[in-house]
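One letter stands for each residue in the lines below.
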Amino acid sequence: MKNKMHSFDYTDFEAVKNIALTFPNTEESVSHEGTPSVKMRGKLMCRLHDSGEFIPIRLDFKIRDHYLERYPEIFHLPDHFKAYPYLCMWIHNYDLVY
């Protein structure tokens, strides 16, 4: 098993975490590779990816394509996530939404 080097900054997730925690039944948690996350009823809602480059956000397949097409500078979909109900948001571009 090879050891990965991770270079994430917890503060990159802070604003998203604070918004996610306003939803009912959410809780702060720790996810893959020790990254901060938010879970809803025990299921992953969003987390800081261990690469430190983006935040996977659980989102219904039906509306995922809308966000990818409408906001390509903010959202993307790595191959690994295509089979799962997630949309990935670049951490350094999410302030463009405000």
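See the structure above.
Let me begin by describing the structure that accompanies this report. Values in this document were obtained by computation on a predicted structure and should not be read as measured data. (Residues numbered from 1 in each chain as written. Predicted model: local features only at pLDDT ≥ 70, side-chain atom pairs only at ≥ 80, totals over all residues. Heavy atoms only, no water.)

## A look at the nonpolar core
Counting 22 residues, the largest nonpolar core has F13, C46 and I55 as the members making the most contacts within it. Those elements giving two or more residues to this core turn out to be α1 (14-20), β3 (43-47), β4 (54-58) and β6 (86-90). It is β6 that provides the largest number of residues to this core, a total of four residues. (Core = buried A, V, L, I, M, F, W, Y, C linked by side-chain atoms within 4.5 Å. Buried < 20%, exposed > 50% of the residue type's maximum accessible area, 1.4 Å probe, protein only. Helix = DSSP H or I, 4+ residues; strand = E, 2+ residues; numbered from the N terminus.)

## Overview of the side chain of S37
With respect to the helices and strands, the residue S37 is situated in strand β2 (residues 36-40). For S37, a relative accessible area of 0% puts it in the buried group. Not counting the four nearest positions on each side in its chain, S37 is found in contact with F13, E27, E28, S29, V30, S31, L44, C46 and R47. (Contact = heavy atoms within 4.5 Å.)

## What to know about the packing of aromatic side chains
Counted by the stated rule, this structure contains six aromatic pairs. Plain terms: the ring middles of Y67 and F75 are 5.8 Å apart, the flat faces sit at 80° to each other, and that makes the pair edge-to-face. In this structure Y67 comes out as partly exposed when scored by relative accessible area, which is 31%. Since its relative accessible area comes to 11%, F75 is described here as buried. Summarising the aromatic geometry, the rings of F81 and Y86 are spaced 6.2 Å apart at their centres and angled 70° between planes, so their arrangement reads as edge-to-face. The class of Y86 is buried, set by a relative accessible area of 10%. (Phe/Tyr/Trp six-rings, centres within 6.5 Å; stacked < 30°, edge-to-face > 60°.)

## A look at the pairing of β2
The sheet contact formed by strand β1 (residues 26-30) and β2 spans five bridges and is antiparallel. Paired with E28 across the two strands is V38, which belongs to β2. Connecting β1 to the next strand, β2, in antiparallel fashion are five residues, including E33 with a positive phi near 55°. Joining the antiparallel neighbours β2 and β3 is a turn of two residues, in which R41 adopts a positive phi near 50°. (Pairing = 2+ DSSP bridges.)

## Looking at the pairing of β6
Of all five residues in β6, four are buried; the element is thus mostly enclosed. Pairing between β4 and β6: five bridges, direction antiparallel. Looking at the pairing, I55 lines up with M89 of β6. Relative to β6, strand β5 (residues 75-76) runs antiparallel, the two being bridged by two bridges. Of the residues in β6, the one forming a bridge with H76 is C88.

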